[in-house]
Amino acid sequence: MRGILVKIGLFLEAHVEKIILALFGALSLWLLFTWVAFSPNKVTLSSGSVMSPGQVDQTINRVYAPPVEEGLARTPEKKDGYQPKLDAPIDPNDAVVQSIRGHLDQGLMGLYSDVLAHLPGLSMPLPSRGGVLSGEGKAYRLPPMGSVRDIQAEHIRAAAYVPAEPLSEDLDYESALSEPNDLDLVSVQASFDVAMLRARFYESFASEALPEDWRDPVIAKPVFTAVDLQRQERLEDGSWSSWTSLSRPRIDQYADVFDIVEDVDLLPPGGVRARMLKLNQESLRMALLQPEGYAFASSYEEWYPPALHPEYLQAREKEKFQERREERESRDGALGRPGRGNDAGGGLNERTGGRGGRGANARTAGRGGMEAARGGGRTVGRAGAQRGGANPYGGAEGAGRGGAVQTESDMDKVLNKLREVLIQPGTEIEDLDELVFWSHDDHIEPGKTYRYRLRLGVVNPVAGTNNMAQEYIEFQNQAILWSEFSEPTEPVNIPDREYFFVRDFQEADGSISVEVTKFYLGYWRSEEFKVARGEMIGHVVEKEPEEEQTGMRMGGRGGVMMEMGRGRDTDEVTSDPIEIDYTTNTFFVDAVRVDDWGHGIRMRPKNYYTALYSNDGITLQRIEIGSANWPEELANIYGLIKKAQRDEVEDFKGFDLGAMGRRGVTSGGRGGRGVYGGGAGLYEG
């Protein structure tokens, strides 16, 4: 008996998996038949019959569906006396007329076809109902748009006042809550032949060659409606991505107004005519074609169009060189040039003196070219004179009480060039021959390379009508007439904002010395860390508190949000943060010895270490240890960063739109260079 049990046990042990599979197979078959093939779910109807779900579907399709389909296919019968209000005349005594302003002889749809004629107090001339937008029998030929040319792109990196809340037509950039933050901005500039476009529009819509009842001088004036800035990104394999249209910058309060709508059926009520009237406003025209740049908080930066920004940088470097030279002469006890005495624009102290106040005493010369003057003083222009009655744009060489001859500075020359291309208030399309326009890209990722192209759009004044010649019928519903695209710009390389450089390897404990550099609040900052195997490179570094700290400090990683009130003293905000986050999210794995041969005619053995690191815990990367072993590109980046760090870290300047500030001189408020009349940050205490 015991032997039989042993055999049974051995049999079960040898075939246990087959037995289990057989049991699960039988269970599955039982579930299939009892719950799928013969479902236990039944539905009891009001008639008392019991049906399965499948039988319910069959009954619905057979009994109930045919009458419903027949009813849907039947044309509804109109009730006696019914008059549709959508497109048929409405009785003046109808109750709906009491709440609607305007004529309803064409029904409710008639209000949309002639919406502007019912607006009260509308004084500007409109085409008549028999004109080009509502007449028939006309066949206009659309004007060719031409092409955009002379495209340029310029990248700027600095700390700027970035809006902390969405802007709108009722909330502009200057009034919105903003905070100093690092910004990469690419501005793209191009030019367009407006005289040619104006002549072509006149020829198409108002020339003597057209029948007299076709001529319409209102639509013969081109109205700009869109600036289409497109971008490509360089991919890892060196090819370029497809072109993508960019949204308007975050500081554009009219971003919704300038949305590109090409289908006339998607335009707001009023259609093409309403859009022409709205976009013909002076403020919208300037904001579309020549939008203001960001207000930079960094004292060393100011926005200029791409063609002029390099000249601005050169002029600023000359000013700095001149300041350093005069400070050096002052320390040596020099009296300075004639006309540059103590009254040559020197402020009351080093805080109140403007950058242009270059007296013999360096302590009264000051360097706050954009700062508010304290104690009732004034600061006028970058090189302007303090209380000297000099050129409000600067350039007063000895404009003190001695009345020396004024000369034009390099900064003045840049400003004069800007004024030549700006659309001035009161400028109409008829006043322009050559249009210089630009757009901004503030949706940039550091470490990438882009290139750009531009095109310009004008309202199609006969879109949505039957007034086009047959060869232009494809543009029937196209609300925008586009120019040809410009040529692509040269590639624009956006450097990273954070790098780390491995300087040394300690064989004793296996650690490395790493210098982490980060662009933060307008300046390159550096910190050295000792990192062991498995540790993350970099961490938050908090600055030791000083005994006397005045003003508002930019604390934390994100800075302090603030509303830049009118007339604030610029010393209230500083670019010197309390703490800086040097965290790199990169882990040091190990250091590996490399035996190599040096380059050149005489090849010699070269031994060094390379550090292995990882950003994701999976992929290993390497970087050479020691500045002598760094690749040329990495060594060049390190040299550029160190050169930038030699510049003095200056406090932030107040909110200032700089060269594009249209408000000019302000009293007790934010200053602007005021190319329309005003000094650079002219404050009255």
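(A) Representation of the environment of P249 in the model. Inspection of the secondary structure puts P249 in the loop between β6 (244-245) and α5 (271-279). When sequence neighbours within four positions are dropped, the list of residues in contact with P249 reads H440 and D442.

(B) Summary view of the nonpolar core. With 62 residues, the main nonpolar core has Y173, F296 and Y304 as its most contacted residues. Excluding its chain neighbours within four sequence positions, the residues that come into contact with F296 are I156, A158, A159, A160, Y161, L183, L185, E301, E302, W303, K653 and D656. Core analysis: the next-biggest nonpolar cluster, separate from the first, contains 57 residues, L142, A220, I444 and V459 among them.

(C) Focus on the side chain of E515. By secondary structure assignment, the location of E515 is in strand β12 (residues 511-520). Overall, the relative accessible area of 6% leaves E515 in the buried class. Side chain to side chain, E515 and R503 meet in a polar contact 3.2 Å long. A distance of 2.9 Å separates polar atoms of two side chains, one belonging to E515 and the other to Y638. When neighbours within four sequence positions are excluded, E515 is seen to be in contact with Y499, F500, F501, R503, S526, E527, E528, Y638 and K642.

(D) Just the packing of aromatic side chains, in detail. Per the counting criterion, the structure on display carries 21 aromatic pairs. Ring centres of W630 and Y638 lie 5.1 Å apart, and the angle between their planes is 65°; on these two criteria the pair is classed as edge-to-face. Ring pairing ties together the aromatic residues Y499, F501, F519, W524, W630 and Y638, which thus form one cluster. Directly above the aromatic system of F519 lies the positively charged group of R157, at a separation of 5.5 Å from the ring centroid. It is R453 that lies over the ring of F485; its NZ or CZ is 3.7 Å from the centre.

(E) Representation of the pattern of salt bridges in the model. Applying the stated criterion across every chain, the model contains 27 salt bridges. For K642, the salt bridge goes to E515, with nearest N and O atoms at 2.6 Å. With K642 in helix α10 (residues 632-644) and E515 in strand β12, the pair connects residues that are 127 residues apart, well separated along the chain. Taking relative accessible area as the criterion, K642 reaches 26% and is therefore assigned partly exposed. One network of salt bridges, with partners in common, ties together R149, D150 and E434.

(F) The confidence of the model for the protein, seen in detail. Overall, the predicted model of the protein reaches an average pLDDT of 77, with 71% of residues at or above 70. Averaged pLDDT values for the elements of the protein fall to 34 in helix α8 (residues 362-365) and rise to 97 in strand β8 (residues 449-459). Scored below 50 in pLDDT, residues 337-404 shows 173 contacts in the model against residues more than four places distant or in partner chains. Predicted confidence is poor over residues 662-685, with pLDDT under 50, and the contacts of this stretch with residues over four places away or in other chains come to 98 contacts.

(G) Representation of the packing of helix α7 (residues 309-331) against helix α9 (residues 410-421) within the structure. For the pair α7 and α9, the least separation of the axes is 8 Å and the interaxial angle reads 160°. On the basis of their axis angle, the class for α7 and α9 is roughly antiparallel. Seen along the crossing, α7 lies across α9 with a hand that is left-handed. Along the contact surface, α7 presents E311, Y312, A315, R316, K318 and E319, while α9 presents D410, M411, V414 and K417. The residue inventory of the contact of α7 with α9, partitioned by class, reads four nonpolar, no polar and six charged.

(H) Broad picture of the pairing of strand β5 (residues 224-233). Taking burial as the measure, the 10 residues of β5 include nine buried ones, the bulk of the element. Pairing between β5 and β8: nine bridges, direction antiparallel. Counterpart to F224 in the pairing with β8 is V458. In the sheet, β5 pairs with β6 via two bridges, with the strands oriented antiparallel. When the bridges of β6 are listed, R231 appears paired with T244.

(I) Region of the structure containing the sheet that holds strand β7 (residues 434-441). Read across the sheet, three strands follow the order β3-β4-β7 without closing on themselves; strand pairing throughout is antiparallel. Here the strands that pair on one side only, and so sit at the sheet edges, are β3 (149-163) and β7. Here the strands of the sheet are splayed against their neighbours by 25° on average, with no regard to which way each runs. Sheet topology places strand β4 (residues 178-193) next to β7; eight bridges connect them, and they run antiparallel. Within β7, the position partnered with S187 by the bridge is H440. On top of the sheet, helix α4 (residues 194-205) reaches β4 and β7; it is set at about 60° to β4, its chief contact.

(J) Expanded view of a nonpolar patch on the surface. Taken together, the side chains of V16, I20, F24, L27, L29, W30, L31, L32, F33, W35 and V36 define a hydrophobic patch exposed on the protein surface, amounting to about 1,100 Å² of accessible area. As for its placement among the helices and strands, F33 is situated in helix α1 (residues 2-37). Overall, F33 belongs to the partly exposed group, its relative accessible area being 44%.

(K) Just the pairing of β4, in detail. Across the 16 residues that make up β4, a large majority, 14, are buried. The pairing of β3 with β4 spans 13 bridges and is antiparallel. The residue bridging A153 from the neighbouring strand is V188, located in β4.

(L) Quick look at the sheet that holds strand β16 (residues 587-597). Taken in spatial order, the three strands make up an open sheet running β16-β17-β18, and their pairing is antiparallel. Strand pairing shows two members of the sheet lacking a second neighbour, β16 and β18 (621-624), which therefore form its edges. In this sheet, neighbouring strand axes are inclined to one another by 30° on average, regardless of whether the strands run parallel or antiparallel. The pairing of β16 with strand β17 (residues 605-614) spans 10 bridges and is classified as antiparallel.

(M) Inspection of unusual backbone geometry at higher detail. A positive phi is found at D150, a non-glycine position, where the angle reads about 55°. Tracing the backbone shows D150 in strand β3. One non-glycine residue, L521, lies in positive phi territory at about 50°. Following the sequence through the fold, L521 ends up in the loop between β12 and β13 (523-531).

(N) Examining α7 more closely. With 23 residues, α7 ought to run about 33 Å at 1.5 Å a step, and its terminal C-alpha atoms sit 33 Å apart, in line with that. Listed in full, the buried residues belonging to α7 are H309, Y312, A315, R316, E319, K320, Q322, E323 and E326. Elements that come into contact with the buried residues of α7 comprise β3 and α9. Positive backbone phi, approximately 85°, marks G333, located one or two places after α7.

Conventions used here
Residues numbered from 1 in each chain as written. Predicted model: local features only at pLDDT ≥ 70, side-chain atom pairs only at ≥ 80, totals over all residues. Heavy atoms only, no water. Helix = DSSP H or I, 4+ residues; strand = E, 2+ residues; numbered from the N terminus. Contact = heavy atoms within 4.5 Å. Core = buried A, V, L, I, M, F, W, Y, C linked by side-chain atoms within 4.5 Å. Buried < 20%, exposed > 50% of the residue type's maximum accessible area, 1.4 Å probe, protein only. Polar contact = N/O pair within 3.5 Å; in protein donor to acceptor, adjacent residues only side chain to side chain. Phe/Tyr/Trp six-rings, centres within 6.5 Å; stacked < 30°, edge-to-face > 60°. Lys NZ or Arg CZ within 6 Å of the ring centre and 35° of its normal. Salt bridge = Lys/Arg side-chain N within 4 Å of Asp/Glu carboxyl O. pLDDT = per-residue confidence, 0-100. Axes fitted to C-alpha atoms, helices over the stretch in contact; angles between N-to-C directions. Parallel < 35°, antiparallel > 145°, perpendicular 65-115°, else oblique. Left-handed = near helix turned anticlockwise from the far one by under 90°. Nonpolar A, V, L, I, M, F, W, Y, C, P; charged D, E, K, R; others polar. Pairing = 2+ DSSP bridges. Patch = residues over 30% accessible without salt bridge, like charges linked within 9 Å, V, L, I, M, F, W, Y side chains within 5 Å. Areas by Shrake-Rupley, 256 points an atom, 1.4 Å probe, with all protein chains shown as cover. Expected span 1.5 Å × (residues − 1).

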